[in-house]
Amino acid sequence: MNSWLGPQEWQAVALSLKVAFWATCAALPPGIFMAHVLARWQFPGKQLLNGLVHLPLILPPVVTGYLLLMTFGTKGPLGAVLQQMGIVVAFRWSGAALAAGIMAFPLLVRAIRLSIEAVDPKLEQAAATLGASRLWVFATVTLPLILPGILAGAVVSFAKAMGEFGATITFVSNIPGQTQTLPLAVYAFLQVPGGEAAALRLVLISVAVAMGALVLSEVLARRIARKVAGA
Amino acid sequence: MSLSVALRHRLPGFDLDVSFDAPPGLTVLFGASGSGKTTVIEAVAGLLRPDEGRVTAGDHVLLDTAKGRHLPPNKRRLGCIFQEARLFPHLTVRQNLLYGRWFAPKSAAREDPGRVVEMLGIGHLLNRRPARLSGGEKQRVAIGRALLAAPDLILADEPLAALDEARKAEILPYFERLRDASPVPILYVSHSATEVARLATTVVALEAGKVVRQGTAAEVLGDPAFRPGSVRGVGAVLAAKVLAHHDDGLSELDANGARLLLPRVPQAPGQGLRVRIMGQEVTIALTRPENISALNVLPATVEEVIPGTGPGAVVALSTQAGRVLARVTKRSAAALKLAPGLSCYAIIKTVAVAPQDVGS
């Protein structure tokens, strides 16, 4: 494996997988919560919240990256607090995961929200009349029924996180071994003479990972959908 | 324990303003669609917050708007049976049945799952998922699920309305058993006079958001001024006991001393049952008729004649078997000079009593 991929390429692939994995994992709990809020709760300012969640999707990624830098940089309001606690995300892999997670968040929320809206609220009412509190209704009825949607959302998020470029390079720069994810490495190889071969290898890996994830999610989603539909 | 309901709520088109008590047994909340009965049951279940109201089950206060108390559905100790069974598709029948039990307080009086499964005849379904059940089977599981939640109160919202006639006939006996076995009040919403006649211990009739009649099934359905749905639904309920089953397919009943012959009923001799006699199947004669095919001829006295808006009239007859309602034309009523106090005979065609109108 290492003979086919150079150390820098290998590093970029491993880092990308790590960043995308943690970005997706960290985005899931707030993503599920936000999807539930947007799908089922009624409150003033819901449209504003909806817009805010979708902001990373419509803003230029560079702008999102810059906003992250202003907020989480060592001089930024949140970054300063985190630094006091000994946590630095700017120019670290964790920062790349944060950027990727924020960019993937709208896609995740959207997929899960759609699947929550597809759950018949009458089933949730039935569970409530049988004694289940809101939390238990969610855990025992809604959550199992939306598993296919969560899975689909997670795969899309993972793919988005793997491919994130603009916000990442703006927020955490392009440091090999630290923040140089796969797309950033492709970009770096294309900037130097003779880097095309390495870039092509990384492109092939990206395609393979994306396709693999897609197939896996289809298979799992179908299996879970069969199970929850009870057929 | 009994359920006490008082509600006021503004609905589009009319104001709901009802107040009634549901004693132990089965109380049918009866009315046409749009009469407000679903709003009542949703308010009792806690799925809707009424403008004003107070709902208590025994001394458990579920709702008291004057004191700002509004318990969420999960704190009301309910067992709900809906029109569509609403079984959880991702759980097996067994898991569905035990769902509510898991949330019930440990101190609650619990039904034995084995007994409930046996009563509903769903033992062979326990490992299946709801998608593989027929409509009738789903509704039986839903009844079991409600019962096993150890509820203080059972609510049923038109549980038979989505089923075809054959499935209705299949499920009705289970509600009769539920009514006779359940220690807690059952509030049952329906627009079917058949279900009222078969199931009701108490009837609360709603019209445009107001309670228009309240009483036992015999009282309410025996009221000649009461039109369940339409005048075609008029029919009094008689209580009777099976005397014998005859070889020619008939059953002989004793209704308060009067003999009635009916097509074979499922109950065993000695068992009690209620029979709904449809108003359009009762004929009135002034002299005892002879040489006719109808087998049931009861001496009667006219109590009341209520002319309808069309060509017909409803006549209330007092017989030994109980009150019987007859639908006749106004022309016949005039020709026979039907008036309160007149002695006559009520003729009931035996084959006219349909099986769905006979219940335990």
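Definitions and cut-offs
Residues numbered from 1 in each chain as written. Chains lettered and ligands numbered in written order. Predicted model: local features only at pLDDT ≥ 70, side-chain atom pairs only at ≥ 80, totals over all residues. Heavy atoms only, no water. Contact = heavy atoms within 4.5 Å. Buried area = accessible area lost by both parts, 1.4 Å probe. Salt bridge = Lys/Arg side-chain N within 4 Å of Asp/Glu carboxyl O. Polar contact = N/O pair within 3.5 Å; in protein donor to acceptor, adjacent residues only side chain to side chain. Helix = DSSP H or I, 4+ residues; strand = E, 2+ residues; numbered from the N terminus. Nonpolar A, V, L, I, M, F, W, Y, C, P; charged D, E, K, R; others polar. Pairing = 2+ DSSP bridges. Expected span 1.5 Å × (residues − 1). Bend = angle between axes of the 7 residues up to and from the residue. Axes fitted to C-alpha atoms, helices over the stretch in contact; angles between N-to-C directions. Parallel < 35°, antiparallel > 145°, perpendicular 65-115°, else oblique. Patch = residues over 30% accessible without salt bridge, like charges linked within 9 Å, V, L, I, M, F, W, Y side chains within 5 Å. Areas by Shrake-Rupley, 256 points an atom, 1.4 Å probe, with all protein chains shown as cover.

(A) Spotlight on the interface of chain A and chain B. Contacts between the two partners involve 22 residues from chain A, matched on the other side by 22 residues from chain B. Ranking the residues of chain A by area buried against chain B places A:L123, A:T129 and A:L130 at the top, with a combined share of 33%. One can count one salt bridge joining chain A with chain B. Of the charged contacts in the structure, one is a salt bridge between B:E84 and A:K122, with a shortest N-O distance of 3.8 Å. Run the count over chain A and chain B and you get five residue pairs in polar contact (both at pLDDT 80 or more). Listed by contribution, the elements that provide at least two residues to the side of chain A that touches chain B are α6 (121-129), α7 (134-163) and α10 (196-229) of chain A. Looking at the side of chain A that touches chain B, the element that brings in the most residues is α6(A), giving seven residues. Taken together, the residues of the side of chain A that touches chain B sort by class into 14 nonpolar, six polar and two charged.

(B) Layout of the sheet that holds strand β14 (residues 258-263) of chain B. The strand order β14-β13-β12-β15-β21 (chain B) describes an open sheet built from five strands, whose pairing is antiparallel. A strand with exactly one partner marks an edge of an open sheet, and here the two such strands are β14 and β21 (358-359) of chain B.

(C) How the structure looks around α7(A). Across its 30 residues, α7(A) extends only 37 Å between first and last C-alpha, which sits more than 12% below the 44 Å expected from 1.5 Å per residue. Its axis deflected by about 55 degrees at A:L147, α7(A) carries its strongest bend there, up to four residues before the proline A:P148.

(D) Focus on the environment of B:G272. All names here are of chain B. The residue G272 is located in strand β15 (residues 272-278) in this model. Taking C-alpha positions, G272 is 36 Å from V61, a pair spaced 211 residues apart along the chain. Excluding residues within four positions of it along the chain, G272 makes contact with A240, K241, Q267 and S360.

(E) Broad picture of the environment of B:H124. As for its placement among the helices and strands, B:H124 is situated in the loop between α3 (113-120) and α4 (135-148). Separated by 158 residues in the primary sequence, B:H124 and B:V282 have C-alpha atoms spaced 44 Å apart.

(F) Region of the structure containing the packing of helix α3 (residues 61-72) of chain A against helix α4 (residues 77-84) of chain A. All names here are of chain A. At their nearest, the axes of α3 and α4 sit 4 Å apart, and the two run at 45 degrees to each other. Judged on the interaxial angle alone, α4 and α3 are oblique. Contact with α3, carried on its side by M70, T71 and F72, involves P77, L78, G79 and L82 of α4 and no other residues of that element. When its residues are assigned to classes, the contact of α3 with α4 shows five nonpolar, two polar and no charged.

(G) Region of the structure containing the pattern of salt bridges. Under the defined criterion, the tally for this structure stands at 22 salt bridges over all chains. One salt-bridge network, held together by shared partners, links A:K122, B:E84 and B:R86.

(H) Broad picture of a nonpolar patch on the surface. A contiguous nonpolar patch, built from A:W4, A:L200, A:V203, A:L204, A:V207 and A:M211 and spanning about 580 Å² of accessible area, is present on the exposed surface. Counting through the fold element by element, A:L200 comes out in helix α10.

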